[in-house]
Amino acid sequence: QYSCAALIVLYFVFLIFSKTPTREKLIRLKRILLWPSAVMVLGAIALVIFARFMFEWFPFIFPDALLVGFAKNIAYSVAWHVSACVGGVFLAIALVGICLNAVIRFIPKEKK
């Protein structure tokens, strides 16, 4: 269940103790933090949009109009609650990746 998180932590430890230059370490760390987090934030936004219009695109899921109304409200509320938490966490991680990008610009490239 937590194998993906364990692999990411293992990769962070590998980056810390590897002998690659600091700039390269930060670039790799930025890639791990920024892009998967951006995909998750976009996924959270898509979940809210889909929950809003799901029962207008597929109204035949429930035969009764009253059930469709209840399901629409419940799905939209659940999507907002899930997306706010997931999107908030991954937005913070993406912002760390963006800040790392700004820090990388100030580190001079090492000459070979």
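Structure shown above.
The present account deals with the structure reproduced in this document. (Residues numbered from 1 in each chain as written. Predicted model: local features only at pLDDT ≥ 70, side-chain atom pairs only at ≥ 80, totals over all residues. Heavy atoms only, no water.)

1. Remarks on the packing of aromatic side chains
Part 1 of the reasoning: Considering all chains together, one arrives at four aromatic pairs under this definition.
Part 2 of the reasoning: An aromatic cluster of three or more residues is present, and its members are Phe50, Phe53 and Trp57. (Phe/Tyr/Trp six-rings, centres within 6.5 Å; stacked < 30°, edge-to-face > 60°.)

2. Description of the packing of helix H1 (residues 3-17) against helix H2 (residues 22-57)
Part 1 of the reasoning: With their axes 10 Å apart at the nearest point, H1 and H2 run at an angle of 165° to one another. Viewed along their axes, H1 and H2 adopt a mutual orientation that is roughly antiparallel. In this structure, H1 crosses over H2, and the sense of that crossing is left-handed. Mapping the contact onto sequence places Ile8, Tyr11, Phe12, Leu15 and Ile16 in H1 and Lys25, Arg28, Leu29, Ile32 and Leu33 in H2.
Part 2 of the reasoning: Classifying every residue of the contact of H1 with H2 gives eight nonpolar, no polar and two charged. (Axes fitted to C-alpha atoms, helices over the stretch in contact; angles between N-to-C directions. Helix = DSSP H or I, 4+ residues; strand = E, 2+ residues; numbered from the N terminus. Parallel < 35°, antiparallel > 145°, perpendicular 65-115°, else oblique. Left-handed = near helix turned anticlockwise from the far one by under 90°. Contact = heavy atoms within 4.5 Å. Nonpolar A, V, L, I, M, F, W, Y, C, P; charged D, E, K, R; others polar.)

3. What to know about the state of the cysteines
Part 1 of the reasoning: For the structure shown, the criterion picks out zero disulfides.
Part 2 of the reasoning: As a non-bridged cysteine, cysteine 85 has cysteine 4 as the owner of its nearest cysteine sulfur, 20 Å distant. (Disulfide = S-S within 2.5 Å.)

4. A few points about the packing of H2 against helix H3 (residues 65-106)
Part 1 of the reasoning: Contact pair H2 / H3: the axes reach a minimum separation of 7 Å and the direction vectors enclose 165°. Viewed along their axes, H2 and H3 adopt a mutual orientation that is roughly antiparallel. The element H2 and its partner H3 pack so that their crossing is left-handed.
Part 2 of the reasoning: Looking at side-chain class alone, the contact of H2 with H3 contains 30 nonpolar, five polar and five charged residues.

5. Focus: the side chain of serine 18
Part 1 of the reasoning: With respect to the helices, strands and loops of the structure, serine 18 is situated in the loop between H1 and H2.
Part 2 of the reasoning: Serine 18 sits in the buried class, given a relative accessible area of 13%.
Part 3 of the reasoning: Among the polar contacts listed, one links the side chain of serine 18 to the side chain of threonine 20, at a separation of 3.2 Å. (Buried < 20%, exposed > 50% of the residue type's maximum accessible area, 1.4 Å probe, protein only. Polar contact = N/O pair within 3.5 Å; in protein donor to acceptor, adjacent residues only side chain to side chain.)

6. Side note on the pattern of salt bridges
Part 1 of the reasoning: Applying the stated rule across the entire model yields two salt bridges.
Part 2 of the reasoning: Put simply, arginine 52 and glutamate 56 hold a salt bridge, and the shortest N to O gap is 3.3 Å. Residue arginine 52 and its partner glutamate 56 are located together in helix H2, separated by four residues, close to a single helical turn.
Part 3 of the reasoning: Between glutamate 56 and lysine 72 there is a salt bridge whose closest N-O contact spans 3.7 Å. Of this pair, glutamate 56 sits in helix H2 while lysine 72 sits in helix H3, and the two are 16 residues apart along the sequence.
Part 4 of the reasoning: Given a relative accessible area of 42%, glutamate 56 falls into the partly exposed group.
Part 5 of the reasoning: A relative accessible area of 25% means that lysine 72 is categorised as partly exposed.
Part 6 of the reasoning: Overlapping salt bridges bring together Arg52, Glu56 and Lys72 as one network. (Salt bridge = Lys/Arg side-chain N within 4 Å of Asp/Glu carboxyl O.)

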